[in-house]
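Residue strings, one per chain:
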Protein chains: 2
Amino acid sequence: MNKSIFYHAGCPVCISAEHDIINLVGSENVEIVNIGENQSRIQEAESAGVESVPALLTPNGNILHINFGASLIDVKS
Amino acid sequence: MNKSIFYHAGCPVCISAEHDIINLVGSENVEIVNIGENQSRIQEAESAGVESVPALLTPNGNILHINFGASLIDVKS
């Protein structure tokens, strides 16, 4: 199985959801990407369909927007 | 580990997220509850902090609101 990718931006809602996702799926099954710190991956997240963070890109390409931390527009600005 | 509970209301967004969650965490680790059909469990969902469906109640009591299908208010009416 390919890994999921968890996109976040360091916000409290993001960190809380990150812990939950790691507990649920296992840290070996998910790559954590902080697009607030690593802005070079924002384009990739956007192309995958991420509109807000935190969001989980599943191995089959679906985006699960989990709770709401920040919009991608705010992360970019 | 206690199971997670996935609350939904049968909407297309809910069904899609249900498949993703089952793929991610395994069907043996999550109880699926359709509160549209099983209205007796709406109160329980509300008490746990569910505001909209689909939502996942994690074993440690956190609620992950996943995408957006319908508000709990709409499910109740």
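The rules behind each value
- Residues numbered from 1 in each chain as written.
- Chains lettered and ligands numbered in written order.
- Predicted model: local features only at pLDDT ≥ 70, side-chain atom pairs only at ≥ 80, totals over all residues.
- Heavy atoms only, no water.
- Salt bridge = Lys/Arg side-chain N within 4 Å of Asp/Glu carboxyl O.
- Buried < 20%, exposed > 50% of the residue type's maximum accessible area, 1.4 Å probe, protein only.
- Helix = DSSP H or I, 4+ residues; strand = E, 2+ residues; numbered from the N terminus.
- Contact = heavy atoms within 4.5 Å.
- Buried area = accessible area lost by both parts, 1.4 Å probe.
- Polar contact = N/O pair within 3.5 Å; in protein donor to acceptor, adjacent residues only side chain to side chain.
- Nonpolar A, V, L, I, M, F, W, Y, C, P; charged D, E, K, R; others polar.
- Least-squares fit on C-alpha atoms with pLDDT ≥ 70 in both.

Draft legend 1. The arrangement of the pattern of salt bridges in detail. All names here are of chain A. Under the defined criterion, the tally for this structure stands at six salt bridges over all chains. For the salt bridge of Arg41 with Glu44, the shortest nitrogen-to-oxygen distance reads 2.8 Å. A relative accessible area of 19% means that Arg41 is categorised as buried. The partner of Lys76 in a salt bridge is Glu46, and the shortest N-O contact between them spans 2.6 Å. In this pair, Lys76 sits in helix α3 (residues 72-76) while Glu46 sits in helix α2 (residues 42-48), placing the two residues 30 residues apart along the sequence. One network of salt bridges, with partners in common, ties together Glu31, Arg41 and Glu44.

Draft legend 2. Structural view of the interface of chain B and chain A. In this assembly, 18 residues from chain B lie in contact with 18 residues from chain A. Approximately 1,300 Å² of surface area, both sides summed, lies buried where chain B meets chain A, with 54% of it carried by carbon and sulfur atoms. It is B:Asp20, B:Leu24 and B:Leu64 that lose the most area in chain B upon contact with chain A, and together they represent 42% of the buried surface on that side. Between the two partners, chain B and chain A, sit zero salt bridges. Viewed at the interface, chain A and chain B are joined by six residue pairs in polar contact (both at pLDDT 80 or more). Every element with two or more residues in the side of chain B that touches chain A is listed here: α1 (12-25) and β4 (63-71) of chain B. Broken down by element, the side of chain B that touches chain A gets its largest block of residues, seven residues, from α1(B). Residue classes in the side of chain B that touches chain A are distributed as nine nonpolar, eight polar and one charged.

Draft legend 3. Quick peek at the relation of the copies chain B and chain A. Rotating chain B by 180° and moving it 0.0 Å along the rotation axis overlays it on chain A with an RMSD of 0.0 Å. Here the two chains are linked by the operation of a two-fold rotation axis. Judged by C-alpha distance, B:Ile66 is the residue of chain B that lies nearest the rotation axis, at 2.3 Å. Most of the interface of chain B is mirrored in chain A: 100% of its interface residues are interface residues there too.

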